[in-house]
Amino acid sequence: MKAGMQPALNWASELGHMDIALMLLAARADANGRGVGRSIALQHAANGGHLAIVPHLLAAGAKINNQDKLGKHCLMSCARSVTRKIEMAKMLIDGTCKI
């Protein structure tokens, strides 16, 4: 992947495109693939408030405590989210996110 590019799974997770995210995971997309800012798909799903994608990313091995280049992890991304903050935070904490 070229520098400055975002993995397709990150975009699908950020925008809530469940069907595309599942297709990419089935094709063995890297659940911990880092893009711009060194973030992973789980952080993008948390930021976008897309609850349904999170369990699939975790099942595919997404590292719940991954930090981006600014030191933020998925729970911090969730706190920035405009929608579904409480439900997402609960899901991430139940998924053993370190706080």
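Shown above is the structure to which this text applies.
Basis of the calculations
Every chain is numbered on its own, with residues counted from 1 as its sequence reads. For a predicted model such as this one, the threshold for reporting local features is a pLDDT of at least 70, and the threshold for listing and counting side-chain atom pairs is 80 or more; totals across whole chains, interfaces and linings nevertheless cover every residue. Side-chain metrics in this entry use all non-hydrogen atoms of the structure; hydrogen atoms and water are not considered. Secondary structure follows DSSP: runs of H or I at least 4 residues long count as helices, runs of E at least 2 residues long count as strands, and numbering of each begins at the N terminus. Only protein chains enter the calculation, and the probe is 1.4 Å; a residue is then buried if its accessible area is under 20% of its type maximum, exposed if over 50%, and partly exposed in between. Throughout, a contact is declared for two residues whenever any of their heavy atoms are within 4.5 Å. Note on areas: these come from Shrake-Rupley sampling with a 1.4 Å probe, and a residue is covered only by the protein chains present in the view. Counted as a polar contact is a pair of N or O atoms within 3.5 Å, where, for protein atoms, one must be capable of donating a hydrogen and the other of accepting one, and residues adjacent in sequence contribute only when both atoms are in side chains. Comment: arc refers to directions from the helix axis out to C-beta atoms. In this analysis, axes come from line fits to C-alpha atoms, helices being fitted only over the stretch in contact, and the angle between any two N-to-C directions falls in the range 0 to 180 degrees. Oblique is the label for any angle not covered by the other classes, which are roughly parallel (under 35 degrees), roughly antiparallel (over 145) and roughly perpendicular (65 to 115). Crossing handedness is read from the near helix: turned anticlockwise from the far helix by less than a right angle, it gives a left-handed crossing, and turned clockwise, a right-handed one. Three classes are used: nonpolar for Ala, Val, Leu, Ile, Met, Phe, Trp, Tyr, Cys and Pro, charged for Asp, Glu, Lys and Arg, and polar for all others, with Gly counted as polar.

Novice: Which parts of the structure should I look at to understand the overall build of the protein chain?
Specialist: Helix and strand counts for the protein chain stand at six helices and zero strands. Secondary structure elements in the protein chain, listed N-terminal to C-terminal, are α-α-α-α-α-α. Expressed as a percentage of the 99 residues in the protein chain, the buried residues total 41%. By sequence separation, contacts in the protein chain at least 24 residues apart represent 66% of the contacts at least 6 residues apart. In the form shown here, the protein chain has an accessible surface area of approximately 5,700 Å², with 60% of it arising from carbon and sulfur atoms.

Novice: Just to check I follow, could you spell out the side chain of Gln43 for this structure?
Specialist: Take Gln43: it is sitting in helix α3 (residues 41–48). On the basis of relative accessibility, which here comes to 3%, the residue Gln43 falls in the buried class. Side-chain polar atoms of Gln43 contact the backbone nitrogen of Ile40, separated by 2.8 Å. Apart from the residues lying within four places of it in its own chain, the contact partners of Gln43 are Arg38, Asn66, Gln67, Asp68, Lys72, His73, Cys74 and Ser77.

Novice: Help me understand helix α1 (residues 8–15), please; the structure alone is not making it clear to me.
Specialist: Residues spaced three or four apart along an α-helix point in a common direction, a consequence of the helix completing one turn every 3.6 residues. Within the span of α1, buried status applies to Leu9, Asn10, Ala12 and Ser13. The arc enclosing the buried residues of α1, seen along the axis, measures out at 165°, which places them on a common side. Buried residues in α1 make contact with α2 (18–26), α3 and α4 (54–59). Residue Gly16 follows α1 closely and has a positive phi angle near 80°.

Novice: What's the story with the environment of Ala8 in this structure? I'm lost.
Specialist: For Ala8, the location among the structural elements is in helix α1. Overall, Ala8 belongs to the partly exposed group, its relative accessible area being 45%. Note: C-alpha distance between Ala8 and Ala41 (33 residues apart in sequence) is 9.0 Å.

Novice: Got a minute to help me understand α2 in this structure?
Specialist: Inspection of α2 places Ala21, Leu24 and Leu25 among the buried residues, and these make up the whole buried set. Taken around the axis of α2, the buried residues stretch over an arc of 100°, which confines them to a single face. Exposed residues lying more than 90 degrees from the buried face of α2 are Asp19, Met23 and Ala26. Contacts from the buried residues of α2 go to α1 and α4. Once α2 ends, the next one or two residues include Arg28, with phi positive near 70°.

Novice: What am I meant to see in the packing of α1 against α3 here?
Specialist: Running from N to C, α1 and α3 cross one another at 15°; their axes reach a closest spacing of 7 Å. Looking at the two axes, α1 sits roughly parallel to α3. Considering how the two elements wind past one another, α1 and α3 form a crossing that is right-handed. Listed contacts from α3 to Leu9, Asn10, Ser13 and Glu14 of α1 are Ala41, His44, Ala45, Asn47 and Gly48. Residue composition of the contact of α1 with α3, grouped by class: three nonpolar, five polar and one charged.

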